[in-house]
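So you can see what is in the structure, the chains are spelled out below.
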Amino acid sequence: MLSKTWRVHWVTRGQSAVVSDHPALQGWTDLDQREEASRIDPGDVFMTDPNYRVDPRLTHFLTRSSFAHLARETRRNYAGDCCLFFNFLWQHGKNWDEADPEDLLDFEDWRRWSPRNPHRIGGSKWNRELAALTRLYKWAVRKGYMVVSPVVEHEVMGRHGDVLSVPAARAKDVRSSNVKWLTPRAYRLWRDVGLRGYTADDRRDPSRRGRNDDRNAAYSDLLFSSGMRRSEGGSLLTIEVPPLEESVKRYFDGRLAKATTKSRRERTFYVAIECLRAIDAYVRTSRRAVVRRAQTKGRYEAIDDIWVVEKRSGWRQSTLHIRDERGQKVERGLTTLDVEERQRLFIEGEDGLEPLWLWLSEDGRPFLPHSWEAVYRAASERCRRVLEGHVTQPPYFTPHMARHSFALKMLVALQHALDKRFGLTPEERRDFRLLYGDAWRMVKDLLDHQSEETTRKIYLAPVSDLQVRSLLLDEADPGTNELLARIAKMSERVLDSEVVA
């Protein structure tokens, strides 16, 4: 059955055998070769209209313009946003390249205010959709596919005195933050009940048959401990996990590859030793078991486009010597491998091929980053069922909330260290900031933000004006967790969990 809407598709390897059975693609057994000849690569995006036709102009935009260099998640979101507008136009008898400003006004009315639309959106979401459409239609005008863009722009003065062109339809009613945080106490409750299958009284639920509990909990701890984005933590390789060693250190550092980060910059991440132990336990038990089952069934040998890493060399062992799918010897920098390429990496183990991708599904193949959303939703739903009536507010959690919570925890811990543990005077604190930067800047760097303003206004806005010293009063020096519990009582967006009396 053919699609009735515009759709977004991702190019994957080995598609020919799949699509040859589709009624619109009968006989296209050489699809992989056609894509390669057209310079369409695995991981690229393309669209089909309601008649399952591909517009080569849109494919060129999606694969050969600046759009192709956006982060994968941004490309996914922007492509979906464009499809929504295309569907709206299609219902009014227009193709994407026939849009005019009146169409955009009608679309905005439908998306944001129409009583006939049960899924209206707010200003932030509308601005993202507008950004996607602005990028597409500016490109279409430059290429000569359209005379004018449906996105009308006007000029405004930028913060540095420069003149900028911005969409006239840009929403003003944008919330500065829709961020939620979990305190460490609330997070542990969510993890133990939602992911590990505990009951409200902190016991194992004998009726639960969770096969991936240790994997899910270890991944979630990694995000909560390090502040990584979902895709950054989800695309880690086993060789990128800091080695677990006997040490008095509480935190260990590793490096995130630039091809997996949103900023396209390498950066250091820090992870707690308890989290490393959980990852190590997963690798030695559940992960080893799924790899062994896949090896026994010959699943890895059946994959015809794998890259086998034969050795590593160079600074930090970051150069991979690979035997590719053609048997050729190539070298790749670890930091240049994107999410798609990482899924192809294997090594020759004692029992055969093994994937280097850290997080594996039950069939032994890579568990893809976007799949974690469903894991988190199921865990939050379990918390709601199990904890209703036992705590004041059953916690819910998302991968991105892990970054929020990490940011808040690090801000409080760093500021607390500056204010109390170092015993700095105001003059000494100023000298310290000049030399090393303040807590805000440290958190900005850990989160990989472009500016400190992003960290302050978006991630930490509700508590940006709270001074840790004002929370301490005249009491004995509390720990970070107690400070976070106090902040939770001051801000409705910082979620804590207290037992119902």
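Basis of the calculations
- Residues numbered from 1 in each chain as written.
- Predicted model: local features only at pLDDT ≥ 70, side-chain atom pairs only at ≥ 80, totals over all residues.
- Heavy atoms only, no water.
- Helix = DSSP H or I, 4+ residues; strand = E, 2+ residues; numbered from the N terminus.
- Contact = heavy atoms within 4.5 Å.
- Areas by Shrake-Rupley, 256 points an atom, 1.4 Å probe, with all protein chains shown as cover.
- Buried < 20%, exposed > 50% of the residue type's maximum accessible area, 1.4 Å probe, protein only.
- Polar contact = N/O pair within 3.5 Å; in protein donor to acceptor, adjacent residues only side chain to side chain.
- Expected span 1.5 Å × (residues − 1).
- Core = buried A, V, L, I, M, F, W, Y, C linked by side-chain atoms within 4.5 Å.
- Salt bridge = Lys/Arg side-chain N within 4 Å of Asp/Glu carboxyl O.
- Pairing = 2+ DSSP bridges.
- Phe/Tyr/Trp six-rings, centres within 6.5 Å; stacked < 30°, edge-to-face > 60°.
- Lys NZ or Arg CZ within 6 Å of the ring centre and 35° of its normal.

(A) Structural view of the overall build of the protein chain. Scanning the protein chain for helices and strands turns up 18 helices and 13 strands. When contacts within the protein chain are restricted to residue pairs at least 6 apart in sequence, those whose partners lie at least 24 apart make up 62%. Accessible surface, the protein chain as shown: approximately 26200 Å² in total, 50% of it carbon and sulfur.

(B) Local environment of the environment of Lys258. Considering the arrangement of structural elements, one finds Lys258 in the loop between β6 (251-256) and β7 (267-272). In this structure the C-alpha to C-alpha distance between Lys258 and Glu232, which are 26 residues apart in sequence, comes to 9.8 Å. Every residue in contact with Lys258, bar those within four places of it in the chain, is listed here: Arg264, Arg265, Glu266, Thr335 and Thr336.

(C) Here's a closer look at the side chain of Ser226. Position of Ser226 among the secondary structure elements: in helix α8 (residues 213-226). Ser226 sits in the buried class, given a relative accessible area of 3%. Separated by 2.6 Å, the side chain of Ser226 and the backbone oxygen of Leu222 make a polar contact. From its side chain, Ser226 meets the backbone nitrogen of Met228 in a polar contact 3.3 Å long. The residues contacting Ser226, other than those within four sequence positions of it, are Tyr270 and Phe406.

(D) Representation of helix α6 (residues 123-142) within the structure. Taking 1.5 Å of rise per residue, 20 residues should cover 28 Å, and α6 covers 28 Å from first to last C-alpha, within 8% of that figure. For α6, the full list of buried residues reads Gly123, Trp126, Asn127, Glu129, Leu130, Ala132, Leu133, Thr134, Leu136, Tyr137, Trp139 and Ala140. As for α6, its buried residues are in contact with α3 (56-64), α4 (72-91), α5 (101-112), β3 (153-157) and β4 (163-167). Immediately downstream of α6, the backbone of Gly144 shows phi near 85 degrees, a positive value.

(E) Spatial organisation of the nonpolar core. Of all hydrophobic cores here, the largest spans 48 residues; its most connected members are Trp190, Leu222, Ile279, Trp359 and Phe397. Put simply, the parts of the chain that give this core at least two residues each are α7 (184-195), α8, β6, β7, α10 (273-296), α12 (372-387) and α13 (399-421). Top element by residues in this core is α10. It accounts for 9 residues. With near-sequence residues (within four places) excluded, Trp190 lies in contact with Leu182, Leu195, Ser220, Tyr376, Ala379, Ser380, Cys383, Pro395, Tyr396 and Phe397. Listed in part, the 33 residues of the second largest apolar core include Phe67, Tyr78, Phe85 and Leu104.

(F) Main features of the pattern of salt bridges. Tallied over the full model, the rule gives 32 salt bridges. Between Glu310 and Lys329 there is a salt bridge; the shortest N-O distance is 3.5 Å. You can see Glu310 sitting in strand β8 (residues 307-313) and its partner Lys329 sitting in strand β10 (residues 329-333), a full 19 residues away along the chain. A salt bridge links Glu381 to Arg384; the nearest nitrogen and oxygen atoms lie 2.5 Å apart. Placement of both Glu381 and Arg384 in helix α12 is noted, with a separation of 3 residues, approximately one turn of the helix.

(G) Fine view of the side chain of Asp205. Along the chain, Asp205 falls in the loop between α7 and α8. A polar side-chain atom of Asp205 sits 2.7 Å from a polar atom in the side chain of Ser207.

(H) Quick peek at the pairing of strand β11 (residues 345-349). Sheet topology note: the β8/β11 ladder contains 2 bridges and is parallel. By the bridge assignment, Trp307 is partnered in β11 with Leu345. Bridge count between β11 and strand β12 (residues 352-355): 4 bridges; the pairing is antiparallel. Paired with Glu348 across the two strands is Leu353, which belongs to β12. Between the end of β11 and the start of β12, which pair antiparallel, lie 2 residues.

(I) Seen up close, the environment of Trp307. With respect to the secondary-structure elements, Trp307 resides in strand β8. In sequence terms Trp307 and Gly327 are 20 residues apart; their C-alpha atoms lie 8.9 Å from each other. Not counting residues up to four positions away in its chain, the partners in contact with Trp307 are Ile322, Arg323, Asp324, Glu325, Arg332, Leu337, Glu341, Arg344, Leu345 and Phe346.

(J) Quick peek at the packing of aromatic side chains. Within this structure, the stated rule accounts for 25 aromatic pairs. Taking 6.2 Å as the distance between ring centres and 40 degrees as the angle between the ring planes, the aromatic pair formed by Phe86 and Trp96 counts as tilted. With Phe86 in helix α4 and Trp96 in the loop between α4 and α5, this residue pair connects regions lying 10 residues apart in the sequence. The pair formed by Phe86 and Trp96 is uniform in burial state, with each residue classed as buried. Consider the rings of Tyr300 and Phe346, whose centres lie 5.2 Å apart with planes at 65 degrees: the pair is edge-to-face. One end of the pair, Tyr300, is in the loop between α10 and β8; the other, Phe346, is in strand β11, with 46 residues separating them in the sequence. Comparing Tyr300 with Phe346, the two get one shared label, buried. Joined through ring pairs, the aromatic side chains of Tyr187, Trp190, Tyr219, Phe224, Tyr282, Trp359, Phe367, Trp372, Tyr376 and Phe397 make up one cluster. Directly above the ring of Trp307 sits Arg332, whose terminal nitrogen or CZ lies 5.4 Å from the centroid.

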